[in-house]
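An overview of the molecular structure
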Amino acid sequence: MTARLYTYYKDVVVQRLQQEFAYKSIMQVPKIEKITLNMGVGEAVADKKVVERAVADMAAIAGQRPVVTLSRKSISNFKVRAGWPVGCKVTLRRSQMYEFLDRLINVAIPRIRDFRGLSPKAFDGRGNYSLGVREQIIFPEIDYDKIDVIRGMDIVITTTAKTDAEGRALLTSFNFPLRS
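Now for a look at the structure at hand.

A short note on the layout of surface pockets
There is about 400 Å³ of room inside the largest pocket. Along the walls of the largest pocket sit 17 residues, with Ile112, Phe115, Gly132, Val133 and Arg134 positioned nearest its centre. Residue composition of the lining of the largest pocket, grouped by class: 8 nonpolar, 4 polar and 5 charged. Considering only enclosed or pocket space, the second largest pocket measures out at about 350 Å³ in volume. In this structure, the second largest pocket is lined by 15 residues; those nearest its centre are Tyr6, Tyr9, Lys10, Val29 and Lys31. Looking at the lining of the second largest pocket, the elements with two or more residues in it are helix H1 (4–21), strand S1 (32–40) and helix H3 (94–108).

What to know about the side chain of Arg151
With respect to the helices and strands, Arg151 occurs in the loop between strand S4 (129–133) and strand S5 (153–159). Separated by 3.1 Å, the side chains of Arg151 and Asp57 make a polar contact.

A closer look at the nonpolar core
Among the nonpolar cores identified, the biggest contains 50 residues, and Leu37, Leu101, Phe139, Ile155, Phe174 and Phe176 are the most heavily contacted of them. Counting only elements with at least two residues in this core, the list comes to H1, S1, helix H2 (49–62), strand S3 (85–92), H3, S4, S5 and helix H4 (164–173). Setting aside residues up to four positions removed in sequence, Phe139 forms contacts with Ile61, Phe100, Leu104, Ala108, Arg111, Met153 and Ile155.

Here we look at the environment of Pro120
If you trace the backbone, Pro120 turns up in the loop between H3 and S4. Taking relative accessible area as the criterion, Pro120 reaches 24% and is therefore assigned partly exposed. For the pair formed by Pro120 and Arg179, sequence separation is 59 residues and the distance between their alpha carbons is 6.1 Å.

A closer look at the sheet that holds S1
Pairing is antiparallel across the open sheet formed by 5 strands, whose spatial order is S2-S3-S1-S5-S4. The open sheet has two edge strands with one neighbour each: strand S2 (67–70) and S4. Within this sheet the neighbouring strands show an average axis-to-axis angle of 25 degrees, counted without direction. Strand direction decides the pairing type here: S1 and S5, joined by 6 bridges, are antiparallel. For Thr36, the partnering residue across the bridge sits in S5 and is Val156. Its contacts with the sheet place H2 against S1, S2, S3 and S5, and it is angled at close to 10 degrees to S3.

What to know about H1
Its 18 residues give H1 an end-to-end C-alpha distance of 24 Å, which sits within 8% of 26 Å, the value for a rise of 1.5 Å per residue. Along H1, the sharpest kink reaches roughly 40 degrees, centred on Lys10. All of the buried residues in H1 are Leu5, Tyr9, Val13, Val14 and Leu17. Next to the buried residues of H1 lie H3 and H4. Where H1 terminates, the next one or two residues include Ala22, which has phi positive at roughly 55 degrees.

Let's talk about the packing of aromatic side chains
Across all of its chains, the model carries 7 aromatic pairs by this definition. Between Tyr129 and Phe176, the ring centres sit 5.5 Å apart and the planes meet at 85 degrees, which makes this aromatic pair edge-to-face. Here Tyr129 is found in strand S4, whereas its partner Phe176 is found in the segment after H4, with 47 residues between them in sequence. Residue Tyr129 is classed as buried on the basis of its relative accessible area of 1%. What makes Phe176 buried here is its relative accessible area of 4%. Taken together, Tyr6, Tyr8, Tyr9, Tyr98 and Phe174 form an aromatic cluster joined through their ring pairs.

Basis of the calculations
- Residues numbered from 1 in each chain as written.
- Predicted model: local features only at pLDDT ≥ 70, side-chain atom pairs only at ≥ 80, totals over all residues.
- Heavy atoms only, no water.
- 1 Å grid on protein atoms, 1.4 Å probe; cavity = no way out; pocket = protein on both sides within 12 Å on 5 of 7 lines; lining within 4 Å.
- Points joined across faces, edges and corners; volume = space filled by probe spheres on them.
- Nonpolar A, V, L, I, M, F, W, Y, C, P; charged D, E, K, R; others polar.
- Helix = DSSP H or I, 4+ residues; strand = E, 2+ residues; numbered from the N terminus.
- Polar contact = N/O pair within 3.5 Å; in protein donor to acceptor, adjacent residues only side chain to side chain.
- Core = buried A, V, L, I, M, F, W, Y, C linked by side-chain atoms within 4.5 Å.
- Buried < 20%, exposed > 50% of the residue type's maximum accessible area, 1.4 Å probe, protein only.
- Contact = heavy atoms within 4.5 Å.
- Pairing = 2+ DSSP bridges.
- Axes fitted to C-alpha atoms, helices over the stretch in contact; angles between N-to-C directions.
- Expected span 1.5 Å × (residues − 1).
- Bend = angle between axes of the 7 residues up to and from the residue.
- Phe/Tyr/Trp six-rings, centres within 6.5 Å; stacked < 30°, edge-to-face > 60°.

Encoded structure:
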């Protein structure tokens, strides 16, 4: 079964962007390549179980088991040794990516408190968009009673767009709530 947002992209978004940017081929139309979720867990230095709970939360959110990231070098000020777990990350592609984006846009983002739209300045110059989420409880997959600590995460949407204008047009055509 194909994701709802992917069929919407094929049927509506491709034609809209092809007309807007006057592409000669549909292969020039930018598309979303991957979505990367990253959760840094600094508290993992004191308690190793914190990483396991963060991995469980992220697995519930992404629908895919995350990779535990290890520190590359020792930093005495942070009491971190090389090879210790300091976070987790997961990369979503294809149908899982579109399903996550659908849940993010239609369910999770409207649940953010005092939400007035996402910053349009978070593009990187090459059409990719980054956003930070302060609380993992905005996702409906997380049971509020079972969380131990409120953790945030970074979400990076990587596109094949060449410029920020193309990336912005791609995301707004998916009804991405960017502030104007």
